[in-house]
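# Secondary and tertiary structure notes
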Amino acid sequence: MSNPAGLALEGGDPREPGHAVTQGQDPVERQMVHATHDPSVTFEEYMYYGAITRAEEKVANERYIAAAGPKTWKGVLKERFSKGQRDQPVIDSPTETGSTGEKTGLDDEKTMVPGNGNRTLGGVTDSEWKNASRAVRTAGWTSAFYLITTDILGPFSVPWAFAQMGYGPGIALYTVFGGLAMYSGFQLWKVFMFMDSDRYPMKSYADCFFRVYGKWARHAVNILQAIQLLFTVSILILSNGQSISQISKGSICFIACLVIFMAAGMVVGQIRTLQRFGWLANFAVWVNVLILFICMGVVANSPPNYATVQASYGDAFGPGPIHRYAGTPPSGAATGGDGFTGSLNGLNQAVYSYGGAMLFISFLSEMRHPWDFWKGILCADIFIYVCYLFFGLFVYSYQGQYAYNPVMQGLSPYNWQTATNIMNIVTGLIAACLYGNIGIKVAYVEVFQELFNAPPLTTKAGKLLWVALVPAYWALAWVVCAAIPQFSYISGLVGAVCILQFTYTFPAILAFGFQIQKDAMTSEEIFDPATKQYNYVDRGVKRWVRGFMVKWHLNTFNFIYFLGALTTAALGIYSSALGLKSAFGGASVATSFGCATPV
């Protein structure tokens, strides 16, 4: 995060309660929270200020590039490992009227009318509001690439997914779900670009739904988001607890292994800003790539880890010949279940592998020039897709039905197994802290600040409260994973219940509602910022139908996409529930809060 003092016209952090611009009022940051979720603000007002902010960012980015000069390796490394304390110019509005001229499509002149350049909101002027908003916008598109890749990249379950589906269905499903995940990401980016502004900044995934559908949608999304983030941290604790257990050769009680990783997360989780995760995320990406190469070399020159597979899935998968299948494996030949159920469990892992769209709005909210986000998401998704297919097919070809999830725990040589487990613990800790960081922020801003008037995180009181919340969050995540120590099935269930919704279902219905409301706006309709009024030519069902027909083909596709994602979620929940039933029925040696290790 950049130094806010370098951005404040009057010195100091404009979000602090003691700053001159607050003059005894609530801090600007707290006023932002309330203004961002003000139900009186219309869709069209969000669009109006979004167009202005995008134009200002375009000018600011041009000045930033000119001031930075040509890129050098020394400069890139210095920027990557710096604390982000680079002064940035405060840009006055280049335009409050007319087209923004931005090639993002934010040139809707029908929404723009002359406005007062010195407006106030809650006693805070435009310039003060912009400074407070832009104090957290420091990340570039390369940081977004590393954050997205760290967030999404999880190739260690892909060989197990292929073992449940076979070559053909596996390749097809990973390709289709990868393409749809990229489409969903671009839809979220599109909504952010039109509706985020310095006046009404978007901070979370739920903000998109609040601006398109209203308060009820925001609360529903926040609840599911909190559940997913908590379960994701739980899954990472479970995965890395298994790694610690393997490293110790089972000499440490499995519950204690989970506690060790939880304690590490409580310490590293004290990092409060995504900016400080940038270089850690960069490091994690390349460590994961190194793990991939090591695993490929080991599986090509050693047998599978029969003991681990047998401990997790029963005696039916003890030592024996290795089989691979072009299509769906026959009954009894897949560790995830028979026939259609096994394929669905493999599909759940494909969904889980591409999960991460939930954090895109958080990444965008901290970007200096959000227009560049498309570069980060395009590069990240292509990189992730290539890694998944190549690695999954390679390992499955050597280990067949004995492919294990996560893959490094399915290596038989202890030395290589230990090396990859240690690296996995490091990258898993970074990923878990990233999820925990966002999860606690969502809970803090949406619940503590909004409902209980908690202090902003930039204040001393806010920082102390953060210190207390981190261990409580990790402790709750530990309870969840200790109660359900079945990695493949619980991760598949979370994928079906939560991740599939945030990556596929929600972006589809969000794009559907956004596009209709945007296209319903006409050239005769004008927003007046002085009165906050928008002169609609029609309202209600008639307006929605008219907006739908402007791009009926795109809206129809988004709605069908939405229904298809819901159906896939229902099937995934069904298959995961059957898998958990089988595991707790005696197929696995691991029990709730027990010492027996599943590996």
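All of the points below concern the structure found in this document. (Residues numbered from 1 in each chain as written. Predicted model: local features only at pLDDT ≥ 70, side-chain atom pairs only at ≥ 80, totals over all residues. Heavy atoms only, no water.)

This part is about the packing of aromatic side chains. Each aromatic ring pair is described using two quantities: the centre-to-centre distance and the angle formed by the ring planes. Tallied over the entire structure, the rule returns 35 aromatic pairs. Relative to Tyr49, the ring of Tyr48 lies with its centre 4.9 Å away and its plane at 90°, an arrangement referred to as edge-to-face. In terms of burial, Tyr48 and Tyr49 fall into one category: buried. When the centroid spacing of 5.7 Å and the interplanar angle of 50° are considered together, the rings of Phe194 and Phe514 count as tilted. Taken as a pair, Phe194 in helix 7 (residues 167-195) and Phe514 in helix 18 (residues 487-520) lie far apart in primary sequence, 320 residues in all. For the pair formed by Phe194 and Phe514, the shared burial category is buried. Taken together, the ring pairs in this structure connect Tyr46, Tyr48, Tyr49, Tyr200 and Phe527 into an aromatic cluster. Directly above the aromatic system of Tyr49 lies the positively charged group of Arg199, at a separation of 5.1 Å from the ring centroid. The ring of Tyr414 has Lys249 sitting right over it, with the charged end atom 4.3 Å from the ring centre. (Phe/Tyr/Trp six-rings, centres within 6.5 Å; stacked < 30°, edge-to-face > 60°. Buried < 20%, exposed > 50% of the residue type's maximum accessible area, 1.4 Å probe, protein only. Helix = DSSP H or I, 4+ residues; strand = E, 2+ residues; numbered from the N terminus. Lys NZ or Arg CZ within 6 Å of the ring centre and 35° of its normal.)

This paragraph deals with the nonpolar core. In terms of nonpolar packing, the biggest core is built from 136 residues, with Tyr174, Met195, Phe373 and Trp474 touching the most fellow members. Per-element tally for this core: the top contributor is helix 18, with 14 residues. Sequence-distant contacts of Met195, that is, excluding residues within four places in its chain, are made with Phe43, Tyr46, Met47, Tyr200, Met202, Arg211, Val212 and Phe514. Val309, Tyr313, Tyr402 and Tyr404 belong to the second-largest nonpolar core, a separate cluster that totals six residues. (Core = buried A, V, L, I, M, F, W, Y, C linked by side-chain atoms within 4.5 Å. Contact = heavy atoms within 4.5 Å.)

Relative to the elements of secondary structure, Ser157 occurs in the loop between helix 5 (141-152) and helix 6 (158-165). Aside from chain neighbours lying at most four places away, what touches Ser157 is Gln349, Ser353 and Asn405.

Another aspect to go through is the state of the cysteines. Going through the model one piece at a time under the given rule, you end up with one disulfide. The side chain of Cys253 participates in a disulfide bridge whose partner is Cys595; the two sulfur atoms lie 1.9 Å from each other. With the S-S bond torsion at -100°, the cross-link from Cys253 to Cys595 turns out left-handed. Of this pair, Cys253 sits in the loop between helix 9 (215-247) and helix 10 (254-268) while Cys595 sits in the segment after helix 20 (552-587), and the two are 342 residues apart along the sequence. For Cys253, a relative accessible area of 26% translates into the label partly exposed. The cysteine Cys257 is free of any disulfide, with Cys253 supplying the nearest cysteine sulfur at 7.4 Å. (Disulfide = S-S within 2.5 Å.)

Looking now at the side chain of Asp538. Structurally, the position occupied by Asp538 is in the loop between strand 4 (533-534) and helix 19 (541-550). Assessed through its relative accessible area of 10%, Asp538 is described here as buried. Within the local environment of Asp538, its side chain forms a polar contact with the side chain of Arg546, the two groups lying 2.8 Å apart. Residues in contact with Asp538, not counting those within four places in the same chain, are Glu525, Arg543 and Arg546. (Polar contact = N/O pair within 3.5 Å; in protein donor to acceptor, adjacent residues only side chain to side chain.)

Residues Asn405 and Pro406 are joined by a peptide bond in cis, for which omega reads 0°. Along the polypeptide, Pro406 turns up in the loop between helix 15 (373-399) and helix 16 (414-452).

Right, let's talk about the packing of helix 6 against helix 13 (residues 339-353) for a bit. For any two helices packed against each other, the geometry is given by the interaxial angle and the distance between the axes. Across the interface, helix 6 lies against helix 13 with an axial gap of 7 Å and an inter-helix angle of 150°. When the axes of helix 6 and helix 13 are compared, the pair comes out roughly antiparallel. Crossing handedness for the pair helix 6 and helix 13: left-handed. Along its contact with helix 6, which presents Val158, Trp160, Ala161, Gln164 and Met165, the element helix 13 presents Gly342, Ser343, Asn345, Gly346, Leu347, Gln349 and Ser353. In terms of residue class, the contact of helix 6 with helix 13 is built from five nonpolar, seven polar and no charged. (Axes fitted to C-alpha atoms, helices over the stretch in contact; angles between N-to-C directions. Parallel < 35°, antiparallel > 145°, perpendicular 65-115°, else oblique. Left-handed = near helix turned anticlockwise from the far one by under 90°. Nonpolar A, V, L, I, M, F, W, Y, C, P; charged D, E, K, R; others polar.)

Take a nonpolar patch on the surface next. Taken together, the side chains of Val541, Val545, Met549 and Trp552 make up a nonpolar region of the molecular surface, amounting to roughly 450 Å² of accessible area. Top contributing element to the nonpolar patch by residue count: helix 19, with three residues. Take Val545: it is sitting in helix 19. Given the relative accessible area of 46%, Val545 is considered partly exposed. (Patch = residues over 30% accessible without salt bridge, like charges linked within 9 Å, V, L, I, M, F, W, Y side chains within 5 Å. Areas by Shrake-Rupley, 256 points an atom, 1.4 Å probe, with all protein chains shown as cover. Salt bridge = Lys/Arg side-chain N within 4 Å of Asp/Glu carboxyl O.)

So, about the pattern of salt bridges. Following the criterion strictly, the structure yields eight salt bridges and no others. When the shortest N-O distance is used, the salt bridge between Arg543 and Glu525 registers 2.7 Å. In this pair, Arg543 is assigned in helix 19 and Glu525 in the loop between helix 18 and strand 3 (527-528), connecting sequence segments 18 residues apart. Exposure remark for Glu525: the relative accessible area of 0% places this residue in the buried category. Here Asp538 makes a salt bridge to Arg546, at a shortest N to O gap of 2.8 Å. Taken together, the salt bridges that share partners define one network made up of Glu44, Glu525, Asp538, Arg543 and Arg546.

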